[in-house]
Structures are given as C-alpha cells and as structure tokens.
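# A closer look at the structure
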Amino acid sequence: MPKNENLKKILIIGSGPIIIGQACEFDYAGAQALKSLREEGIETVLINSNPATIMTDPSMADHVYLKPLTTKSIIEILKEHSDIDAVLPTMGGQTALNLCIEAEEKGIWSDFDVKLIGVDIDAINITEDREKFKQLMVRLGVGVAPAQTVTSFLKGKEVAQEFGFPLVIRASFTLGGSGAAFVHREEDFDELLTAGLEASPIHEVLIDKALLGWKEYELELLRDKNDNVVIICSIENMDPMGIHTGDSITVAPAMTLSDTCYQRMRDLAIKMMRNIGDFAGGCNVQFAVSPDEKEEIMAIEINPRTSRSSALASKATGYPIAKIAAKLAIGYTLDELQNQITKSTSALFEPTLDYVIVKIPRWNFDKFEGSDRTLGLQMKSVGEVMGIGRSFQEALHKATQSLEIKRNGLGADGKGYTNYDVILDKLKNASWDRVFVIYDAIQLGIPLTRIHEITKIDMWFLKQYEELYALEVEISKYNIDSLPKDLLLEAKQKGFADRQIAYMVDCLESQVYKKREELGINRVYKLVDTCAAEFKAETPYYYSTFEADIETKDGLRYVENDSKVSEKRKIVVLGSGPNRIGQGIEFDYCCVHGVLAAKECGYETIMINCNPETVSTDFDVADKLYFEPVFWEHIYDIIRHEKPEGVIVQLGGQTALKLAEKLDRYGIKIIGTSFESLDLAEDRGSFSKLLQANDIPYPEFGVAETADEALALADELDFPILVRPSYVLGGQGMKIVINKKELEATVVDLLRKIPNNKLLLDHYLDGAIEAEADAICDGETVQIIGIMEHIEPCGIHSGDSNALLPPFNLGDLVLQEIKDHTKKIALALNTVGLINIQFAIKDDKVFIIEANPRASRTVPFIAKAYRQPYVNYATKVMLGENKVTDFKFEPKLEGYAIKQPVFSFNKFPHVNKQLGPEMKSTGESILFIDSLKDDTFYELYSRRKMYLTK
C-alpha cells in the first residue's frame, strides 16, 4: 500500500540541547526524516531549541520553531498551524518521547486532532515502564533477569533482601542510563536506590539481579504496517554487561555469536517488536547472552525510536534507518521503497557487510576534575568514533586513531602503562583507556586467561589483541631497510599506522611511507554498499584498506580500487572528528554548509570524517564521503588519490586546524586563511605582538615556556593571572591563579600534559564584561555578522556563558571600538573567511582576549538568530568565488536571542561545578525574548553576581 494521502502536514519534535546520553545522532535522524518527508511533498513543521544543528536550519523544514521543548510551545505551534495532521516523535530521542507522552496525558493531541505516527503511546509506555516491559516479556516467553519494580524506598529494601547482591537499579523513563547503578555492597544500596527513585519522572525503579559478565548484543530493526520486519544490523559490545552500551566499544556485525543463537535472537527481537504496539518505524533491541555453551538469551530493553545505535547502524551499513523509518511512518511498506545506496534493490533487502565496524566512545573526564572515571550503567561519554576495516584489527586501529587523544593506535608509541598493579587496577575498573590497557597487559606478559577472568571480555577479542602484539614483536626485529614486504603489508592490513611501524623499527614516519611507496603497498578504497558488492551501488561512500596484488593470467598485477577519480575541480572539507566538550555539533553544521556552498560553486566535494553521529557523514551530503580517521596518514593518502584544488580546514574546529601545518609543509593548498595567519593567531605570544604593532589594547602579558619563566613574569604582572596554553580548544588547561604557589603548580601540570607549549600569562581583568564578534573577511572588506555580550563576567569560558545578541548594555563608543578592532585584526591577520574575536571591557576600555580566524561555536547561533546563511557566504569568499560586497547582509531579529549553555553535571555528582576559563558545557539552546524586561533575562542577569569576586 502506498503512503497515507491524508497526511499533508507533519510536526517533528527534536531532541533539544546536546547532553551526555543524547547527542547529535538525533540531529542526523531528524535531518534525514525531514528530507524524507519533503521528498513526499509533505509540509513539515519542526520544534527544537538547539541552534547548533543542521536540523534547525531554515532549509530543512518548511517551518522551524526554535522554541523550548514544552507543551506550552506545542500548543502555540498547533494554534498557529491548525492544519497539522500528525506528529512524528521518534526522531528526537527521549526528550521528544517524553514530551509526546506529556502532551498525550494533557489531551493536547486529541484537542487539535493530531495523529501520532511512527510509534504509539502503548509502545512507549510498555518499553519505558520497566514493570510493564517485564510482564510482556514473561507473557511472550522471552527471558528476562529476575526483577521487581518498586515505587518506594521501603519496598526497594525488601526486594534487595530477597534477591541478594549484586543488584542493578534502573530508573523508568530516563535516558543514557540516568539513575541506573550497580549495587555490589549492601552499604551502598540506600543512597543508590534514592538516586534512582529521584531520577525517574514517575519515581519508579526496576531492581534486577545483575547479569555481570554476560555478553551484550543489540539488533536494529525496521517494521512496516504490513508487519514486514528487517534486521538492519547486529552489534556486539566488546565490553560485557555492566557498562552502558553508549560507553562500550561495539563491533558490527556481531563477532562471537553462533549462528543458531543469532537466529534465536532475531526471532525474539521480531516477536518483541510485533507485540509492543501497532506502529511502523524503527526499533533498537538489547540482549544479554550467557557466556557459556548454552548461550541463554535475556531481553534487556527495547527502544521504539531512532537511537545512538541506529545512527551507528546507518553509517555502518549505508542503510539510512531514519529516512526509511519516516517513510514507513507515513504509510509506505518496505517492499515499496528503494535501497537508497543501490537504487535498484528493495528496502526489504537486509544489508550484508563485507567489512567490520568498530565504535569507540570519546570521553571528557579531564573537564570534570574529581569525577568517577569508572564506567558503569550511567553513560558518561560525550561522543564516539567509528572505524571501518576489512578485519576487526584494522577497524579497531582506525577507531583508536580517530579519537584524537595523542595516541597513534594500540601500542607501539611508548605511551602504554608498564606497572603491573596499575594495569590490573585499570582492567578491573573499566575506564576510558581500557581499550589500550588490554594491549599493555599482553605486552607485560599477563596471560589472556587472567585478562579474561578480570574483564570478562570474550577470548576471541583478546586473541585478536595478542596477534597484534605478536606482529609488533616480529617487526621490531628488523630495521627499515631489512623489513620484508609481507610483514609491512600485514602490519598495514591490521591497521598499524606508519608512525607505529616507525616506532617499531626506530625510524621516521616519512621513511615508512617512502618504503611503502617503493614496495607498492598503497591504500585502496572500497565502497560501503549495503550488499557486499552483490549489486552496483550508486552512492560514493568509501573506506580504505590494504590488499595484496591480484595477478591476471597475462601477468598483469594490480590492486582493485573502487574510488574512481573524476576530472572535475575538487575541494576537500576536513570534518571535526568525535564530539567533545569545546568542539561539538556546531562545527559539523559549518562543514555541511561548507560542502553545500562548494557544490553551488561547481566543485566536486569530498568529505573526510569519522563521526558516525553526524549529518556530515551522511552518504548524500558530499559528492564523495571518505569515512576515515581525521589523522594525517589517512588524509594525505586521500589527497594524493583525489588531487583536489585545496582543503578547507577552518570549518572543522581544532581537529582540522591542527592539520594545517602538515598540509602547508607538504605543499597542499589551504583554502581561505593561510597557515601562517592561522598559526599566528594560535600562538599566543606572536598574536599579542601583532596587537602591539597595531596599537590595539590587550591585557598586560608575557610568554613562558618553563615554570621559572612564569614565576619571573609574575613579578611584572599583577595577580590574578590568567594562564593560557597555545593551540587548544574549549579553554583546555586555562586557569586563573591568584598567587605564585598556584601559578607554579598550574604551569608544571600544563607543561606535563601539553609538552613544548607556549603559555601566555596575562593580567586577568577582574570583573570585566566579556563580548565577542564574528565576522567574514575577504582580505579587503570585513563584514561583522554578529556582536554578542556575555551575561557572566570575563573569566567564564565563552562556551559556558549566556550570551545576548545584540549586546544589551554596551555604549555606542564601546561598540564602535569593538567594530574597529575587529576590522583591524581581521585585516592584519589576512583573514579570508570567518573570524571570531573575544573582548574584555573594563572602565569603558576594550581589550582583546583572543582571535580565532576560523568558524566558531557561535556562528550557527548567529546564523539562526538573524536567519542568514553566513557559512555559505564565508565558504564562497574562501573559495575566491565571491567578495564580501557581493552579498546582501540583512539580519532579521526583533528583540534579542540568548545562547544558553547546557551542562551534564548530573552524570558526575561529586565534581566541582564551578565555572571558569575551561569550558564544561555539552550543548546549548537558543531563547528569543522581546525585551530586557523578560523574566528569563532578569533571572540570568541577577545570577551574574555569583561569579564576581569584587
């Protein structure tokens, strides 16, 4: 049956600001759903409060409402659009589902005659209410852990007494494992039970017997109204039960599952999906499997919506789950829809993988001093990376190289642990670096049986590690000249980076690269095609690998490469890698708009990125997508293969910017602002000298490279002193110190963490007002696109500050100075493209804090607030296609827009929540107010005094 023709106008609910447990995977899902519905001629209305996303771009929906996600906002929209036929809540994570339930309970959907599509209320209630879910599983004959639901403290104590320890507490109706905990000891139970009851919006928890050490699996499913079901992907958690799946290293397809167990799991998942409610859409099902011959299966949970895992499964298979789920929601059946990649097979055709996917989470514990770094049932990661390889080992290496934590892969870099007790402790208490510690343990000679006994990680994975270490030992017997071709090829096939091989044979990375070239060991690119090359794929979505030569009968030797290079002019856009605090979804927004602008200028666009959650890695955004680490070796090989006109680095945050020096050294053209200018702005000392030369005020400063130099400088500068390292993002390592003892400790710590760094010490302007400006410059003309004033005083990181656009109490003289300084600095830095400058205003004098000649966190916010495509304009200026004067700048904003930071401190209950120069927020929302008399502004402004020390 074709689509429901009665659906003409649909409301989509977004997921709001990014928090731990709900990140940009929902921006990806929402963007796909909007595209999918508009293809069908359906009018779309979107509500979402996040200004940093592609989803809230004016081009994505017919009507975009950047409003708080409340039933009050829903009613306002439904009054304005009384012809809305249906609401699709499955693309906005738990936030959208919870809002949908609240609107249902208040009778809002029935009042406005709005139909729920993509899921039904029964399905949400059954899957979110732990007790209902357990009862349904029992009725269906699906195994579940012994469990009981409680809604009071006393009842919880009784259940604990009955079950014994260890136990698991899971809160109902929460996301990212909020309120969930393992209880190993009776003395911890009271506190954790209370926390669980408080975290649940209905004050209900499920207490169940802990399935510690069991293996964990996920299946991604789609179902249509005719009850056709496809399994898109099986995912295996390398970490056993006990670590939230968002914090687990996951592998697709499942590696250690017998075929009989997989078939049973499929049948159970389909039975579960068909019985939770009468709806058409996507679903994620999680199972625990006993680690013995019985392979007993227990159901953990089922989520009737798109999820973090469905974004991963979409990128892993090339099958766009959210896009198809949106079409199923409006009435299509799977057999009526095309596979989006092959364009010739049906969407009912299950994907087949001829490669391996490894996802590794990205944590930011360094931002939460004193936080508990052990992983458990509550998710703590802020982002993730995905590696694609021909083997688990290659994919694992590519994922570790994508993390951007100064590691080149597993081992072979001299950064591993060598202390036996430390390694054992890290194996027992899983944290962010356990993926590396397993390798260190094998290197130290700890038997695999012992590692398995401690971690409960399946022996198959541990043996894969052991093989990698054995290869490192073998290669280390040679030098670069004597290293045999077959060993070098094997190392590359198993994912070792040139830098790691150079470490093994004690030479330079460039020598390994040269040796590979001489021996003809080159990267080849393979298609992600959903069907293991059984059918021709129309979509250019690639990953790299290494293959041995194929020899034809007439003696011709070659290696097959799926990526054919065209004659067109090409531009490479470097993505921003994994989400982290200080570099989030806003840079993905900029990259996507950069790609689209370059397409408009007639270029073939090439995207390089490794983040599975984002729109930039959607297969139909750029002309060619290379799902590869944003890591020098991978980028250089793609550039040599494609031969682009140049590379855009200023849209991908610090990740892309850090590669500018290498690109420049290798003679690869950087599009827009030159490397010299980027470097000058990043080097705190050189930049301060530029300000000096241009007679622009700045706080008194000095540059130090040692603790002694810093202490000597302190005699010239007045305390408090702001210590700032060069080449960092999100205020990493910045501190305000008030005496020499604090200064010495801070400098020693910073130089240990970031060796050979130039530290800028400047006098902290206590109590100053902070403001920032974003501008576009073409080398001759500077157009300021927005000036914002922060509510919090100078010294709170700009990413953690509430900011008003336009400024609310800066005098005309101060504003003119900000404009003059911005223009002067942009031209002095020879900026071509975007620039962000931050100011401190004290006693009506404007000082410069820093300048970043690149896309900033605030560009999407300004673009949304003023309803102007600023990144599009900036990219065309960078490409030399246009001058600034070619564009009409017509900002449209009545009243003010407030950028409000959002924090995820609830995941780290015992950390210092005080704000300072190092950024801690995970996301942001936008709020429009008509005047400064608005209650929200009044409340924010009155809290400003909390931060003032004088």
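Structural data are supplied above this passage.
Summary of the structure given here.

Conventions we followed
- Residues numbered from 1 in each chain as written.
- Predicted model: local features only at pLDDT ≥ 70, side-chain atom pairs only at ≥ 80, totals over all residues.
- Heavy atoms only, no water.
- Helix = DSSP H or I, 4+ residues; strand = E, 2+ residues; numbered from the N terminus.
- Rg over C-alpha atoms; globule rule 2.2 N^0.38 Å.
- Buried < 20%, exposed > 50% of the residue type's maximum accessible area, 1.4 Å probe, protein only.
- Contact = heavy atoms within 4.5 Å.
- Lys, Arg positive; Asp, Glu negative; His and termini not counted.
- Charge placed at Lys NZ, Arg CZ, Asp CG, Glu CD.
- Phe/Tyr/Trp six-rings, centres within 6.5 Å; stacked < 30°, edge-to-face > 60°.
- Salt bridge = Lys/Arg side-chain N within 4 Å of Asp/Glu carboxyl O.
- Patch = residues over 30% accessible without salt bridge, like charges linked within 9 Å, V, L, I, M, F, W, Y side chains within 5 Å.
- Areas by Shrake-Rupley, 256 points an atom, 1.4 Å probe, with all protein chains shown as cover.
- Core = buried A, V, L, I, M, F, W, Y, C linked by side-chain atoms within 4.5 Å.
- Axes fitted to C-alpha atoms, helices over the stretch in contact; angles between N-to-C directions.
- Parallel < 35°, antiparallel > 145°, perpendicular 65-115°, else oblique.
- Nonpolar A, V, L, I, M, F, W, Y, C, P; charged D, E, K, R; others polar.
- Arc of directions from axis to C-beta.
- Pairing = 2+ DSSP bridges.

### Let's talk about the overall build of the protein
Along the protein, the regular secondary structure elements total 31 helices and 35 strands. In terms of C-alpha radius of gyration, the protein reaches 28 Å, essentially the compact-globule figure of 30 Å for 950 residues. With the C-alpha coordinates aligned to their principal axes, the bounding extent of the protein is approximately 75 × 75 × 60 Å. Counting only residues that meet the buried cut, the protein has 65% of its 950 residues in that class. Put simply, of all contacts in the protein between residues at least 6 apart along the chain, 70% involve residues at least 24 apart. Charge separation in the protein, taken as the distance between the mean sites of 106 positive and 143 negative side-chain charges, equals 1 Å.

### Notes on the packing of aromatic side chains
Geometrically, a pair of aromatic rings is defined through the distance of the ring centres and the angle of the planes. One pass over the full model with this rule turns up 25 aromatic pairs. Both rings, one in Y873 and one in F889, keep their centres 5.4 Å apart while their planes meet at 85 degrees; by these two values the pair is edge-to-face. Separated by 16 residues along the polypeptide, Y873 in helix α30 (residues 870-878) and F889 in the loop between α30 and β34 (896-902) bring together distant segments of the chain. Plain terms: the ring middles of F903 and F905 are 5.3 Å apart, the flat faces sit at 5 degrees to each other, and that makes the pair stacked. Classification of F903 as partly exposed rests on a relative accessible area of 25%. Residue classification places F905 among the buried positions, given a relative accessible area of 11%.

### Some words on the pattern of salt bridges
Inspection of the entire model under this criterion finds 57 salt bridges. In this structure, E40 and K327 form a salt bridge, with 3.0 Å as the shortest nitrogen-oxygen distance. With E40 in the loop between α1 (25-39) and β2 (43-47) and K327 in helix α11 (residues 321-329), the pair connects residues that are 287 residues apart, well separated along the chain. Judged by its relative accessible area of 17%, E40 is buried. We classify K327 as buried; its relative accessible area is 5%. Put simply, D458 and K215 hold a salt bridge, and the shortest N to O gap is 3.0 Å. Of this pair, D458 sits in the loop between α15 (448-455) and α16 (459-475) while K215 is found in strand β10 (residues 215-223), placing the two residues 243 residues apart along the sequence. When sorted by exposure, D458 lands in the same class as K215, which is buried. Bridged by salt links that share partners, the residues K35, E39, E40, K323, K327, D618 and D620 form one connected network.

### Some remarks on a nonpolar patch on the surface
Together, I550, L556 and Y558 line one region of the surface with nonpolar side chains, adding up to about 260 Å² of accessible area. Looking at where L556 falls in the secondary structure, it is placed in the loop between β19 (550-551) and β20 (557-558). By relative accessible area, which is 52% here, L556 ends up exposed.

### A few points about the nonpolar core
One recurring pattern in soluble globular proteins: nonpolar side chains tend to sit buried together. Among the nonpolar cores identified, the biggest contains 175 residues, and I10, L88, L574, V649 and I776 are the most heavily contacted of them. Beyond its immediate chain neighbours, meaning those up to four positions away, I10 contacts L37, I42, E43, T44, V45, A86, L88, I117 and I330. Among the nonpolar cores identified, the runner-up in size contains 55 residues, and Y65, V87, L99 and I270 belong to it.

### Comments concerning a negative patch on the surface
On the surface, E705, D708, E709 and E744 cluster together to form a negatively charged patch. For E744, the position within the fold is in helix α27 (residues 740-753). With a relative accessible area of 41%, E744 lands in the partly exposed category.

### Re the packing of helix α24 (residues 675-682) against helix α25 (residues 684-693)
Packing of α24 against α25 leaves a shortest axis separation of 5 Å and a crossing angle of 95 degrees. When the axes of α24 and α25 are compared, the pair comes out roughly perpendicular. On the side of α24, the interface is formed by L680, A681 and E682, while α25 contributes R684, S686, F687 and L690. Of the residues contributing to the contact of α24 with α25, the split by class is four nonpolar, one polar and two charged.

### A word on the side chain of H821
Relative to the elements of secondary structure, H821 occurs in helix α28 (residues 812-828). Not counting chain neighbours up to four residues away, the residues in contact with H821 comprise I696, P697, F839, V846 and I848.

### Structural notes on helix α13 (residues 420-428)
Taken residue by residue, α13 has I423, L424, K426 and L427 as its buried positions. For α13, the angular spread of buried residues about the axis comes to 165 degrees, placing them on one side. For α13, the exposed residues set more than 90 degrees away from the buried face come down to D421 and K428. If you follow the buried residues of α13, they end up packed against α14 (434-444) and α15.

### What about unusual backbone geometry?
Of note, the bond from A252 into P253 is cis; its omega dihedral lies within 30 degrees of zero at -10 degrees. With respect to the element layout, P253 can be found in the loop between β12 (250-252) and α9 (259-275). F719 connects to P720 through a cis peptide bond whose omega is -5 degrees. Here P720 is to be found in the loop between α26 (707-714) and β26 (721-725). In this model, K643 sits at a positive phi of 50 degrees, which is unusual for a non-glycine residue. Under the relative-accessibility criterion, K643 is labelled exposed at 62%.

### Considerations on the sheet that holds strand β21 (residues 570-574)
The six strands are arranged β17-β18-β23-β22-β21-β24 in an open sheet whose pairing can be described as mixed. The sheet is open, and its two edges are formed by β17 (524-527) and β24 (646-648), each paired on a single side. With direction set aside, neighbouring strand axes in the sheet form an average angle of 30 degrees. With four bridges joining them, strand β22 (residues 604-609) and strand β23 (residues 624-627) adopt parallel strand pairing. Bridge pairing links I608 to Y626 in β23.

### So, the packing of helix α12 (residues 392-402) against α16
Relative to each other, α12 and α16 sit at 80 degrees, their axes nearing to 10 Å. With respect to each other, α12 and α16 are oriented roughly perpendicular. For the pair α12 and α16, the contacting residues are F392, Q393, L396 and H397 in the first and W460, F461, Q464, Y465, E467 and L468 in the second. Among the residues making up the contact of α12 with α16, the classes are represented as six nonpolar, three polar and one charged.

### Some remarks on the sheet that holds strand β3 (residues 63-65)
If you trace the five strands from one edge of the open sheet to the other, you get β3-β2-β1-β4-β5, paired in parallel fashion. Strands at the two margins of the open sheet, each flanked by one partner only, are β3 and β5 (115-116).

### Focus: the pairing of strand β7 (residues 167-171)
In terms of burial, β7 is largely enclosed, as five of its five residues are buried. Both faces of β7 are covered, namely the face carrying L167, I169 and A171 and the face carrying V168 and R170. Note: β7 against strand β8 (residues 181-183), three bridges, orientation antiparallel. The residue of β8 that forms the bridge with I169 is A181. Bridge count between β7 and strand β9 (residues 205-209): five bridges; the pairing is antiparallel. From the neighbouring strand, A171 faces β9, where its bridge partner is V205.

### Notes on the environment of W109
By the element assignment, W109 lies in helix α4 (residues 108-111). Here W109 falls in the buried class, since its relative accessible area comes to 3%. When the C-alpha atoms of W109 and T617 are compared, they prove to be 35 Å apart, with 508 residues separating the residues in sequence. Dropping the residues within four chain positions of it, W109 is found in contact with L11, I13, I74, L78, V87, C100, A103, E104 and V114.

### Examining the environment of G731
Of note, G731 is situated in the loop between β26 and β27 (735-737). Separated by 68 residues in the primary sequence, G731 and G799 have C-alpha atoms spaced 9.0 Å apart. Apart from the residues lying within four places of it in its own chain, the contact partners of G731 are H797, P917 and E918.

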